Amino acid sequence: MADFEPYLQAEPSGTQLKQTSVKSGLVTFAAQPVKLVMGIGATAILSRLVTPADFGLLALVTPLLALVDSLSNLGMETATVQKQTLNHQQASAAFWFSFKVNVVVIAAMIAMGPVLAWFYDQPALSAVTLAMAVGALSLCLSFQHKSLLRRQMRFSLLTGIEVGSIAIATLCAIAAARLGLGYWALVLQIVVMQVLQSAAYWITCGWRPSLALATKGSKGGVKKGLKKDSASSDGEMRSLLSYGANLTGFRFITRIGMQMDRILLGYISGTTALGFYDVSYRWAYFPFMQVYAPLFDVAVSSLSRAYADPVTYRKYCRWGMMPLFALCLPALAFLWVTATEVLLILLGEQWLPAVPIFRLLLIAMFVGSLSRVTKWLYISSGQTRRQLRWGLIHTPIMIGSVAVGAHWGAYGIAVGYTSGMCLLTWPSVLFCLKESPLTVRDFLSVVWPAATAALVSAGGLLLVQPLLIESLSNSFVRLCVEGLLFSGTYCTLWFLLPGGRASTTQIIAHFFGRRL
């Protein structure tokens, strides 16, 4: 049998973990400008080649995709990264158990295609769902390989795979759109990206699942296969499955609540209204995801290794959250002020009706970003059961909020969604921190400088914006000037605030390994 143990080793703790965490963070951040340019360029082109109704049609499948993603792998991909020790037998057992789960989930997804077509009265959804199932299945088959690369903190490789697959998929989508394929161009963009990433994970990670465990039964059979080593191995696998099951339960429950806005809007108002809402949501979410998504893997891997030392864990949490809030909150505030110019330049005049919806969802993202980082804490500490308990509180409130707003169409749903997020964010933070080494004071120390500087800068830009509109008729030039004014004000305020200056000095000293 091949020696797969090197692929299962986690990055050691201490100084080497610190250095690897910093390097991983720098690599992922360095790739963000490239992905940003590709994302903006692709959107600017595709939004002019396909209609809002085409985007809306794809958005009708989005809730189903989110639910499939929450159930696939039964949380084993995150459990693999979080686990302190992992052997080949456990990794193989997790792969084959997840494989059986994924077959059922993907089969159910395909069966839901005709149901969606009937529910929304859109016959094309059957074929679209089938195509999207191909991409979803490909990622399911490679989840363990990606998780092992994350466990080893090989984020340079993972970033390269992500950037390359996005570039190729974007070119394919643009070519398809120019040929007049409409919504199929958007489907192709997603499926090509997923298939390419899956193939790259298998090729670059040399680990292969053991075929000996492929014929085992379900959960009980997997456990029996593990007992031949020791009873402790069975306990380790039970822990792995429990962690993944709780995480899956949280994802599934919360995504029902978070996707209910699209389901209701698509059913009540149709594809065009949903297209405006979905694009507004994705672009309101875009600044946050540009920082949060690459930091998520680095943060979970680093914090999982550091959890045994509460002091180090708190320090790593602050180091990870500070750049997240320092970059995301001002970006969201700036977009709120300049929403009209941004959508006009980015998407074109046909998307201007989405401006009020866009602004509301930006508020939801600004406030909700505080609660989203709690996932780092739950997952890295292994407290997925507590995370699931919060999901049972969060979901009914979000569903009720968007259901009330649904009577007033896309704008009403945006109001309901934003109200729900504003209501739930701070309770969710307090609920998480109650059982975390990170304190409320730690959390606020990395939030308040960024939030204060962002809001004050946005207020100042609002005051001078009428003067800029009168003197600068070109939207692009005006947006650039607004960006310079906002950035200058924000940076000045950030460094004047005690918390901002101290945090920046600390991070720079950490990066360069010396005191400043």
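Residues numbered from 1 in each chain as written. Predicted model: local features only at pLDDT ≥ 70, side-chain atom pairs only at ≥ 80, totals over all residues. Heavy atoms only, no water.

1. As for the overall build of the protein
Then comes step 1: Check the secondary structure of the protein and you find 21 helices and zero strands.
Then comes step 2: By residue count, 56% of the 516 residues in the protein fall in the buried class.
Then comes step 3: Counting contacts in the protein only where the partners sit at least 6 residues apart, residues at least 24 apart contribute 84% of the total.
Then comes step 4: When the accessible surface of the protein is split by element, carbon and sulfur atoms take 68% of a total near 21300 Å². (Helix = DSSP H or I, 4+ residues; strand = E, 2+ residues; numbered from the N terminus. Buried < 20%, exposed > 50% of the residue type's maximum accessible area, 1.4 Å probe, protein only. Contact = heavy atoms within 4.5 Å. Areas by Shrake-Rupley, 256 points an atom, 1.4 Å probe, with all protein chains shown as cover.)

2. Quick look at the packing of helix H7 (residues 143-151) against helix H9 (residues 183-204)
Then comes step 1: Across the interface, H7 lies against H9 with an axial gap of 8 Å and an inter-helix angle of 60°. Comparing their axes, H9 and H7 come out oblique. At the point where H7 passes H9, the crossing takes the left-handed sense. Contacts between H7 and H9 involve His145, Lys146 and Leu149 from the first element and Tyr201, Trp202 and Thr204 from the second. (Axes fitted to C-alpha atoms, helices over the stretch in contact; angles between N-to-C directions. Parallel < 35°, antiparallel > 145°, perpendicular 65-115°, else oblique. Left-handed = near helix turned anticlockwise from the far one by under 90°.)

3. Some thoughts on helix H20 (residues 475-496)
Then comes step 1: Its 22 residues give H20 an end-to-end C-alpha distance of 31 Å, which sits within 8% of 32 Å, the value for a rise of 1.5 Å per residue.
Then comes step 2: Among all positions of H20, only Ser475, Arg478, Leu479, Glu482, Gly483, Phe486, Tyr490 and Trp494 are buried. In an axial view of H20, the angular spread of the buried residues amounts to 135°, which keeps them on one side of the axis. Exposed positions of H20 whose direction lies more than 90 degrees from the buried face are Leu484 and Leu496.
Then comes step 3: Backbone nitrogen of Phe476 and a side-chain oxygen of the N-cap are separated by 2.9 Å at the start of H20; the cap is Asn474. (Expected span 1.5 Å × (residues − 1). Arc of directions from axis to C-beta. Polar contact = N/O pair within 3.5 Å; in protein donor to acceptor, adjacent residues only side chain to side chain.)

4. Describing the packing of helix H15 (residues 355-372) against helix H18 (residues 409-433)
Then comes step 1: Their axes nearest at 8 Å, the elements H15 and H18 cross at an angle of 15°. Of the possible angle classes, the one that applies to H15 and H18 is roughly parallel. Relative to H18, H15 is oriented so that their crossing is left-handed. Of the residues in H18, those in contact with Pro356, Ile357, Leu360, Leu361, Ile363, Ala364, Met365, Val367, Gly368, Leu370, Ser371 and Arg372 of H15 are Ala410, Tyr411, Ala414, Val415, Tyr417, Thr418, Met421, Cys422, Thr425, Ser428 and Val429.
Then comes step 2: For the contact of H15 with H18, the class distribution of residues is 17 nonpolar, five polar and one charged. (Nonpolar A, V, L, I, M, F, W, Y, C, P; charged D, E, K, R; others polar.)

5. Brief notes about the layout of surface pockets
Then comes step 1: By volume, the second largest pocket is sized at about 330 Å³.
Then comes step 2: Taken together, 20 residues line the second largest pocket, and the ones lying closest to its centre are Pro63, Leu64, Leu67, Met112 and Leu116.
Then comes step 3: Broken down by element, the lining of the second largest pocket gets its largest block of residues, eight residues, from helix H5 (residues 88-120). (1 Å grid on protein atoms, 1.4 Å probe; cavity = no way out; pocket = protein on both sides within 12 Å on 5 of 7 lines; lining within 4 Å. Points joined across faces, edges and corners; volume = space filled by probe spheres on them.)

6. Remarks on empty space enclosed by the protein
Then comes step 1: What the rule picks out here adds up to two cavities of 30 Å³ or more.
Then comes step 2: Taken as a whole, the second largest cavity holds about 40 Å³ of empty space.
Then comes step 3: Here the residues of the lining of the second largest cavity sort into four nonpolar, three polar and one charged.

7. Here we look at the nonpolar core
Then comes step 1: Judged by nonpolar contacts, the single largest core of 122 residues is most densely connected at Tyr277, Met321, Leu324, Phe325, Trp376, Tyr417 and Phe443.
Then comes step 2: It is helix H12 (residues 271-306) that provides the largest number of residues to this core, a total of 19 residues.
Then comes step 3: Beyond its immediate stretch of four places on either side in the chain, Met321 contacts Val373, Trp376, Leu377, Leu438, Phe443 and Val446.
Then comes step 4: Of all hydrophobic cores here, the second largest spans 17 residues; its members include Met76, Ala91, Trp96 and Ala200. (Core = buried A, V, L, I, M, F, W, Y, C linked by side-chain atoms within 4.5 Å.)

8. Focus: the environment of Ser165
Then comes step 1: Tracing the chain through its elements places Ser165 in helix H8 (residues 155-178).
Then comes step 2: Residues Ser165 and Val195 lie 30 residues apart in sequence; the distance between their C-alpha atoms is 8.7 Å.
Then comes step 3: Once you skip the residues sitting within four places of it in the chain, Ser165 turns out to touch Met193, Leu196 and Gln197.
Then comes step 4: One polar contact links the side chain of Ser165 to the main-chain carbonyl oxygen of Glu162, over a distance of 2.9 Å.

9. So, the environment of Thr439
Then comes step 1: Among the secondary structure elements, Thr439 is positioned in the loop between H18 and helix H19 (440-471).
Then comes step 2: Residue classification places Thr439 among the partly exposed residues on the basis of a relative accessible area of 32%.
Then comes step 3: Taking the C-alpha atoms as reference, Thr439 lies 8.2 Å from Arg314; in sequence the two are 125 residues apart.
Then comes step 4: The residues contacting Thr439, other than those within four sequence positions of it, are Arg314 and Leu433.
Then comes step 5: Of note is the side chain of Thr439, whose polar atom sits 2.9 Å from the side chain of Asp442.

10. Some thoughts on the side chain of Arg478
Then comes step 1: Note that Arg478 resides in helix H20.
Then comes step 2: Its relative accessible area of 9% is what places Arg478 among the buried residues.
Then comes step 3: When residues no more than four places from it in sequence are discounted, the contact partners of Arg478 are Glu341, Leu468, Ile469, Leu472 and Ser473.

11. Focus on the confidence of the model for the protein
Then comes step 1: With 82% of its residues at a pLDDT of 70 or more, the protein has an overall mean of 80.
Then comes step 2: Mean pLDDT values for the elements of the protein range from 44 in helix H10 (residues 219-226) up to 93 in H15.
Then comes step 3: Residue range residues 217-231 is modelled with pLDDT below 50. Its contacts to residues more than four positions away, or to other chains, number 24 contacts. (pLDDT = per-residue confidence, 0-100.)

12. Brief notes about the packing of aromatic side chains
Then comes step 1: Under the criterion given, the structure shown has 21 aromatic pairs.
Then comes step 2: Measuring from ring centre to ring centre gives 5.6 Å for Tyr281 and Tyr417, while their planes differ by 80°; the resulting arrangement is edge-to-face. Here Tyr417 lies in helix H18 and Tyr281 lies in helix H12, a separation of 136 residues in the sequence.
Then comes step 3: Residue class for Tyr281 comes out buried when judged on its relative accessible area of 8%. (Phe/Tyr/Trp six-rings, centres within 6.5 Å; stacked < 30°, edge-to-face > 60°.)

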